[in-house]
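So you can see what is in the structure, the chains are spelled out below.
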Amino acid sequence: MVGQVALENFPFAVWSKLVMRHSRRVRISSLHFSDPMGSADFRESIAAYLRTARAVNCEASQIMIVSGSQQALEISARVLLDPGNAVWVEEPGYRLAQQVLKMAGCQLIPVSVDNEGLDVADGMKQCPKARAAYVTPSHQFPLGVTMSASRRLQLLDWAQRTGSWIIEDDYDSEYRYANMPIASLQGLDRNSRVIYIGTFSKTLFPSLRIGFLAIPADLVDRFVAVRHAMDVYPAHLHQAVLTDFINQGHFSRHIRRTRQIYSERRNVLVEAIANEFGSGFQVLGADAGMHLVTVLPGRLQDREISERAAQDNLWLWPLSPCYLTKNPRQGLILGFGSTAAHEIPNRVRQMRKVLALK
Ligand SMILES: Cc1ncc(COP(=O)(O)O)c(C=O)c1O
């Protein structure tokens, strides 16, 4: 299922021990009001991680702790955007991010995505003076493309020339299978135009509701003011737990372990698709993350297939609702994060039966 992660390998014993330790040994200072940016130790750990793992150019003073990417976007929109502003979004794209932008009163400009990521030339043709661009350059959601180096430079150049903002959603970049990790777009930015967003929803688990922003230094005060007005500051306990979890090496160990698990699941899924449907069946975005896309052949309608599959307890997400424009591509988004490798061939067989019913 899309968005779900492998939990059977989560180090619950270590996690519970840390939760218990921090619940038992409460420092009175941690019960009072705190910094709207989040706890200092936690932000140091995240900044160090982002510098080494994602080549993000940041200091702890630029890191804000939030309740997931969703709040990061909400705060960014309130700081950077006014009602009526045009914003480039990827087409197809991530609906939850688009909803935040819509709620902020922005005009969404759907910019096409090809095999190099967001087509910057298309964006410039449609709306050269957009106020911002929301992008998933490491692993485009949902198509799974990695934005090419030249497109990254083009996008940064556009932002610099027009004084626009780039909101980089780096939600699952830890997981790459075919080649080396790709550095963040923020790391290439020499002009402080990129607001970087990360989350623990994929690397750990989504109900944790912890994410973070790396904010250009000269915008930090404005982000703090909005955050303070929104929910004052983030809850303490899980920040303390996660700081130890990262500093004691559990986080990087868990990423290494889950990377292997997802890599195996991904290989089994790609092979099962080829076995069931033949090599002509188009698979997109299988080199990274926890989902891939299969493009539906002929006149098959993805919503109809998803509904039919759900009746059979099989979760195939339709691709077409990720489009804002007419004539969307018909496809299925297959999440493999939470499905054991040995179950995958059966699920793909089940999928073939659902498709064949047409
Ligand atoms: C594109 C994208 N961004 C971000 C997230 C994570 O959001 P959050 O951190 O709010 O849980 C997801 C989760 O599915 C996603 O698909």
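What counts and what doesn't
All chains use their own residue numbering, which begins from 1 and follows the written sequence. Residues qualify for local features only when their pLDDT is at least 70, as the model is predicted, and side-chain atom pairs are given and counted only at 80 or more; totals for whole chains, interfaces and linings, by contrast, use all residues. Excluded from the side-chain calculation are hydrogens and water; included are all heavy atoms of the structure. The rule for a residue being near a molecule or strand is that one of its heavy atoms must lie within 4 Å of it. Distance and chemistry together define a polar contact, namely a pair of N or O atoms within 3.5 Å, with one atom able to donate a hydrogen and the other to accept it when in protein, and with adjacent residues in sequence counting only for side-chain atoms on both sides. Every accessible area reported is derived by Shrake-Rupley at a probe size of 1.4 Å, with residue values counting cover from the shown protein chains alone. Lys, Arg, Asp and Glu make up the charged group, whereas Ala, Val, Leu, Ile, Met, Phe, Trp, Tyr, Cys and Pro make up the nonpolar group; the residues left over, Gly among them, are polar. One side-chain nitrogen of Lys or Arg within 4 Å of one carboxyl oxygen of Asp or Glu is enough to make a salt bridge. Put simply, DSSP H or I for four residues or longer makes a helix, DSSP E for two residues or longer makes a strand, and each gets a number counted from the N terminus. Between buried and exposed lies partly exposed: a residue is buried under 20% and exposed over 50% of the maximum accessible area for its type, with that area taken using a 1.4 Å probe on protein chains only. Any two strands are treated as partners once DSSP identifies two or more bridges connecting them. For this analysis, a nonpolar core means a set of buried residues of the types Ala, Val, Leu, Ile, Met, Phe, Trp, Tyr and Cys, connected via side-chain atoms within 4.5 Å. What counts as a domain boundary in this text is fixed by an automatic or database domain assignment. Between two residues, a contact is recorded if the distance between any of their heavy atoms is within 4.5 Å. Candidate patch residues must exceed 30% relative accessible area and have no salt bridge, after which like charges are joined if within 9 Å and Val, Leu, Ile, Met, Phe, Trp or Tyr side chains if within 5 Å. Convention adopted: a line fitted to C-alpha atoms gives each axis, helices being fitted over their contacting stretch, and angles between N-to-C directions are expressed from 0 to 180 degrees. Note on aromatic pairs: the rings of Phe, Tyr and Trp (six-membered ring only in Trp) are paired at centre separations within 6.5 Å, and the planes decide the class, stacked below 30 degrees, edge-to-face beyond 60, tilted for the rest. Whether a charge sits over a ring depends on NZ of Lys or CZ of Arg being within 6 Å of the ring centre and within 35 degrees of the ring normal. Only four residue types enter the tally: Lys and Arg on the positive side, Asp and Glu on the negative side, with His and both chain ends excluded. The atoms used to mark charge sites are NZ of Lys, CZ of Arg, CG of Asp and CD of Glu. When two cysteine sulfur atoms are found within 2.5 Å, that pair is recorded as a disulfide. Multiplying 1.5 Å by the helix residue count minus one yields the expected span of that helix.

A short note on the site of the ligand
Then, in step 1: Around the ligand, the neighbouring residues are Gly68, Ser69, Gln70, Tyr94, Tyr134, Phe141, Asp169, Tyr171, Thr199, Ser201, Lys202 and Arg209.
Then, in step 2: Between the ligand and Thr199 there is a distance of 2.7 Å, counted from an oxygen atom to a side-chain nitrogen or oxygen.
Then, in step 3: One of the side-chain N or O atoms of Ser201 is found 2.6 Å from an oxygen atom in the ligand.
Then, in step 4: In isolation the ligand exposes 400 Å². Once the protein is present, 90% of that is buried.
Then, in step 5: Taken together, the residues that form the shell around the ligand break down as four nonpolar, five polar and three charged.

Details of the pattern of salt bridges
Then, in step 1: Applying the stated criterion across every chain yields a total of 15 salt bridges.
Then, in step 2: Across the pair Arg151 and Asp114 runs a salt bridge whose closest N-O atoms are separated by 2.8 Å. In this pair, Arg151 sits in helix H6 (residues 149-162) while Asp114 sits in strand E3 (residues 107-114), placing the two residues 37 residues apart along the sequence.
Then, in step 3: Residue classification places Asp114 among the partly exposed positions, given a relative accessible area of 29%.
Then, in step 4: A salt bridge links Arg161 to Asp157; its shortest N-O distance comes to 3.1 Å.

Structural notes on the sheet that holds strand E9 (residues 283-284)
Then, in step 1: What the four strands build is an open sheet, ordered E9-E10-E12-E11; its pairing is antiparallel. Of all strands in the sheet, those bounded by a partner on one side alone are E9 and strand E11 (317-318).
Then, in step 2: Two strands pair when backbone bridges link them, and E11 and strand E12 (residues 331-335) are joined in this way by two bridges, in the antiparallel orientation. Residue pairing in the sheet places Pro318 in a bridge with Leu332 of E12.

Considerations on the nonpolar core
Most often, soluble globular proteins have nonpolar side chains that are buried together.
Then, in step 1: Core analysis: the biggest nonpolar cluster contains 54 residues, and Trp15, Leu50, Ile63, Phe200, Leu204, Leu242 and Tyr262 have the highest contact counts within it.
Then, in step 2: The biggest single contributor to this core is helix H9 (residues 250-277), with seven residues.
Then, in step 3: Taken domain by domain, the makeup of this core includes at least three residues from each of domain 1 (24-248) and domain 2 (252-356).
Then, in step 4: Excluding residues within four positions of it along the chain, Leu242 makes contact with Trp15, Phe42, Phe200, Leu204, Leu208 and Ile210.
Then, in step 5: Val66, Leu81, Ala132 and Leu219 belong to the second largest nonpolar core, which has 29 residues in total.

Regarding a nonpolar patch on the surface
Then, in step 1: Taken together, Met1, Trp315 and Trp317 make up a surface patch of nonpolar side chains, about 300 Å² in accessible area.
Then, in step 2: Looking at where Trp315 falls in the secondary structure, it is placed in the loop between helix H10 (302-311) and E11.
Then, in step 3: Look at Trp315 and you get partly exposed, because its relative accessible area is 44%.

A short note on the sheet that holds strand E1 (residues 63-66)
Sheets are built from strands paired through backbone hydrogen bonds, the pairs being either parallel or antiparallel.
Then, in step 1: Within the open sheet, the eight strands sit side by side as E1-E8-E7-E6-E5-E2-E3-E4. Their pairing is mixed. Each edge of the open sheet is held by one strand with a lone partner, namely E1 and strand E4 (117-118).
Then, in step 2: Lying over the sheet, helix H3 (residues 69-80) contacts E1, strand E5 (132-135), strand E6 (165-169), strand E7 (194-199) and strand E8 (211-214), oriented at roughly 160 degrees with respect to E7.
Then, in step 3: Seen against the sheet, helix H4 (residues 95-103) touches strand E2 (86-91), E3 and E5 and runs at an angle of roughly 165 degrees to E2.

Some details on the packing of aromatic side chains
Aromatic ring pairs are reported here in terms of the distance separating the ring centres and the angle at which the planes meet.
Then, in step 1: Using the criterion set out here, one finds 16 aromatic pairs in the structure.
Then, in step 2: A network of ring pairs unites the aromatic residues Phe10, Phe12, Trp15, Phe205 and Phe245 as a single cluster.
Then, in step 3: Over the face of the ring belonging to Trp165 we find Arg193, whose NZ or CZ atom lies 4.0 Å from the ring centre.

Here's the deal with unusual backbone geometry
Then, in step 1: In this chain, Glu91 is followed by Pro92 through a cis amide linkage whose omega measures 5 degrees.
Then, in step 2: Residue Ala55 is not a glycine yet carries a positive backbone phi of 55 degrees.
Then, in step 3: In this structure, Ala55 sits in the loop between helix H2 (40-54) and E1.
Then, in step 4: On the basis of relative accessibility, which here comes to 36%, the residue Ala55 falls in the partly exposed class.
Then, in step 5: Of note, Val232 is a non-glycine position whose phi angle comes to about 65 degrees, a positive value.
Then, in step 6: Secondary-structure assignment places Val232 in the loop between helix H7 (220-231) and helix H8 (237-247).

Quick notes on a positive patch on the surface
Then, in step 1: On the surface, Arg253, Arg256, Arg257 and Arg259 cluster together into a patch of positive charge.
Then, in step 2: Topologically, Arg257 is positioned in helix H9.

What to know about the state of the cysteines
Then, in step 1: Taken as a whole and judged by the stated rule, the model has zero disulfides.
Then, in step 2: Considering cysteine sulfurs only, Cys106 is the nearest to Cys127, which forms no disulfide, with 11 Å between them.
Then, in step 3: Owing to a relative accessible area of 15%, Cys127 belongs among the buried residues under this scheme.

Some words on helix H11 (residues 344-356)
Then, in step 1: The end-to-end C-alpha distance of H11, which contains 13 residues, comes to 18 Å, matching closely the 18 Å that a straight helix rising 1.5 Å per residue would cover.
Then, in step 2: The inward-facing, buried residues of H11 contact H9, strand E10 (291-295), H10 and E12.

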